[in-house]
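Each chain, written out:
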Amino acid sequence: GENVEQHPSTLSVQEGDSAVIKCTYSDSASNYFPWYKQELGKGPQLIIDIRSNVGEKKDQRIAVTLNKTAKHFSLHITETQPEDSAVYFCAAPMKSSGDKLTFGTGTRLAVRP
Amino acid sequence: EPEVTQTPSHQVTQMGQEVILRCVPISNHLYFYWYRQILGQKVEFLVSFYNNEISEKSEIFDDQFSVERPDGSNFTLKIRSTKLEDSAMYFCASSVDTYYGYTFGSGTRLTVV
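First, a word on what this report is: a plain description of the structure on this page. (Residues numbered from 1 in each chain as written. Chains lettered and ligands numbered in written order. Predicted model: local features only at pLDDT ≥ 70, side-chain atom pairs only at ≥ 80, totals over all residues. Heavy atoms only, no water.)

**A word on the pattern of salt bridges**
Residues and elements named next belong to chain A.
And step 1. Scanning all chains against the criterion turns up six salt bridges over all chains.
And step 2. Its salt-bridge partner being K42, residue E39 comes within 3.8 Å of it at the nearest N-O pair.
And step 3. Residue E39 is classed as partly exposed on the basis of its relative accessible area of 30%.
And step 4. Judged by relative accessible area, which is 45%, K42 ranks as partly exposed.
And step 5. Between R61 and D84 there is a salt bridge, with the nearest N and O atoms lying 2.9 Å from each other. With a gap of 23 residues between them, R61 in the loop between β6 (56–59) and β7 (62–67) and D84 in the loop between β8 (72–77) and β9 (86–93) connect regions that are remote in the sequence.
And step 6. Taking relative accessible area as the criterion, D84 reaches 7% and is therefore assigned buried.
And step 7. What you see here is one network of salt bridges that share partners, running through K37, E39 and K42. (Salt bridge = Lys/Arg side-chain N within 4 Å of Asp/Glu carboxyl O. Buried < 20%, exposed > 50% of the residue type's maximum accessible area, 1.4 Å probe, protein only. Helix = DSSP H or I, 4+ residues; strand = E, 2+ residues; numbered from the N terminus.)

Structure follows, in structure tokens:
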């Protein structure tokens, strides 16, 4: 099945700085790459996703970039705020099917005020 | 905004007992999923359900697990004889189409003692 690697496992940034989280995937046929934010005691919440027909997608302070050749995609958060502190997971479809997801191991982001 | 609702939020059960975790997916969604997350680890796929039948299941989803959609709104996960290693957060998710990101519920924390 799909193997998704995520780095770093923890990230601490100063409020206002940018944060970048990277993921690599193994299945070159994967065509959908969501990012989820998980706050303490809550379920993962979809914050942005990208499909393989585009290289970048932006939504306010959040952007995702995709490099299909290198099989990696990244989450970029600009002008970070304390409320951005959470665990972020990338995901990619399992090889066997398009809608079942393999998740990365998560990045715990801490934004220091 | 529509939500996926899970009950209970926390369930403590003795080893060997049966548990039923309940979920109410978003009303117009057609695809339903169960994932689990062992404390501090990544989210893992358990099972997907479409058109009143299981469409895919993982190696974790053995004979002790079953899912059911008993009526038009509920989606349940049953564990027949719980083991200590079943202790985890169980997340239900639903999607309107296989090509759209899921909406996750807030999860049920299952503790097997």
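**Overview of unusual backbone geometry**
And step 1. A cis amide bond links A:H7 with the next residue in sequence, A:P8, at an omega value of -5°.
And step 2. You can see A:P8 is positioned in the loop between β1 (4–7) and β2 (10–14).
And step 3. Across the junction of B:T7 and B:P8, the peptide omega takes the value -10°, indicating a cis bond.
And step 4. Following the sequence through the fold, B:P8 ends up in the loop between β1 (5–7) and β2 (10–13).
And step 5. Positive phi, normally seen in glycine, also occurs at A:K71, with a value near 55°.
And step 6. For A:K71, the location among the structural elements is in the loop between β7 and β8.
And step 7. Classification of A:K71 as partly exposed rests on a relative accessible area of 25%.
And step 8. Backbone geometry places B:N52, a non-glycine residue, at a positive phi of 65°.

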